[in-house]
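# Structural overview
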Amino acid sequence: MKSERGGIALNLTLIVLIAALCALGYMLWARQSSNNTAQGTNMSGEFNLSKQNKQSETYVFSDGLGTAESVKTDNPDETGAGVVKTEIFNIDLNNDKIPDRITKERHETGTAHFWDEYKIEINQNGRYKNITPDGFRTTVGAECALQKLQFKFKPKFQVVKISRPWRDSWDAPSMATRTVYTLKDNKMIAGTPEKMGTVCDVAELFKK
């Protein structure tokens, strides 16, 4: 009888021990799974960048000009149209240690559409020479932008223009084209246009 009781007690002890180990293993697995989810990892331990980026990415387009040296504001006419802001940026564009000038004008139309017009001028012995390429302006609708420009100053001055043609309506996507302008011999030279894809808002393509 004592032998049988001893065997039963041993079996019960083993059962309790196995149950405790199983519970501990489950707790460790649940904790690891929770950490993976919080950190955006998958079951293989690989970091899920796309999932995290969708949650945290908040891209806001900038034309790259920064803060202007001078700003002039005006009131639109009775229809809500006209130049409402003029910003001047004094930046050395050709590395001759003399500040050149970029002027940005905001044009309102009295509707949801507006545009920014840019003028690039090189300072030559105190006189400014306009070297702005044709069509250096944005085209912005209520939902989508058809053309935007972004200025870059390092390692050298260049301007990226991405535009697409209007088709059927403002928010109808069309094929966008990217053109890079570089400064050479105090002239803005256009590079070869590159197709970027079909979009509604060209501002999205500056993220690439």
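That block above? That's the structure.
Residues numbered from 1 in each chain as written. Predicted model: local features only at pLDDT ≥ 70, side-chain atom pairs only at ≥ 80, totals over all residues. Heavy atoms only, no water.

Taken as a whole and assessed by the stated rule, the structure comprises five aromatic pairs. Judged by centre distance (5.0 Å) and plane angle (55 degrees), the ring pair of Tyr-118 and Phe-151 falls under tilted. Of this pair, Tyr-118 sits in strand 4 (residues 114-124) while Phe-151 sits in strand 7 (residues 145-152), placing them 33 residues apart in sequence. When sorted by exposure, Tyr-118 lands in the same class as Phe-151, which is buried. Plain terms: the ring middles of Phe-136 and Tyr-181 are 5.0 Å apart, the flat faces sit at 90 degrees to each other, and that makes the pair edge-to-face. Taken together, the residues span a long stretch of sequence, with Phe-136 in the loop between strand 5 (127-130) and strand 6 (139-140) and Tyr-181 in strand 9 (residues 174-184) at a distance of 45 residues. Both residues of the pair, Phe-136 and Tyr-181, count as buried. In this structure an aromatic cluster arises from ring pairing among Tyr-118, Phe-151, Phe-153 and Phe-157. Sitting over the ring of Trp-115, Arg-137 keeps its end group 4.3 Å from the ring centre. (Phe/Tyr/Trp six-rings, centres within 6.5 Å; stacked < 30°, edge-to-face > 60°. Helix = DSSP H or I, 4+ residues; strand = E, 2+ residues; numbered from the N terminus. Buried < 20%, exposed > 50% of the residue type's maximum accessible area, 1.4 Å probe, protein only. Lys NZ or Arg CZ within 6 Å of the ring centre and 35° of its normal.)

Moving on to the pattern of salt bridges. If the charged atoms of two oppositely charged side chains come close together, the side chains can form a pair. Inspection of the entire model under this criterion finds four salt bridges. The shortest N-O distance in the salt bridge between Glu-121 and Arg-101 comes to 2.8 Å. Residue Glu-121 is found in strand 4, and its partner Arg-101 is found in strand 3 (residues 100-109); the two are separated by 20 residues along the sequence. In this structure, Glu-194 and Arg-178 form a salt bridge, with 3.8 Å as the shortest nitrogen-oxygen distance. (Salt bridge = Lys/Arg side-chain N within 4 Å of Asp/Glu carboxyl O.)

It is worth spelling out the state of the cysteines at this point. In this structure the tally under the stated criterion is one disulfide. Residue pairing for Cys-144: its cysteine sulfur links by disulfide to Cys-200, the two sulfurs lying 1.5 Å apart. Looking down the S-S bond of the Cys-144 and Cys-200 bridge, the torsion is 80 degrees, so its handedness is right-handed. Taken together, the residues Cys-144 in the loop between strand 6 and strand 7 and Cys-200 in the segment after strand 11 (194-199) connect sequence positions 56 residues apart. Like Cys-144, the residue Cys-200 is buried in the burial classification. (Disulfide = S-S within 2.5 Å.)

Here we take up the environment of Phe-157. Looking at the secondary structure, you find Phe-157 in the loop between strand 7 and strand 8 (158-163). The buried category is assigned to Phe-157, whose relative accessible area is 5%. Put simply, Phe-157 and Lys-184 are 27 residues apart on the chain and 9.6 Å apart in space, counted from C-alpha to C-alpha. In contact with Phe-157, other than residues within four places in its own chain, are Leu-93, Ile-102, Ile-120, Phe-151, Lys-152, Tyr-181, Thr-182, Leu-183 and Met-188. (Contact = heavy atoms within 4.5 Å.)

So yeah, pure geometry; function would need other evidence.
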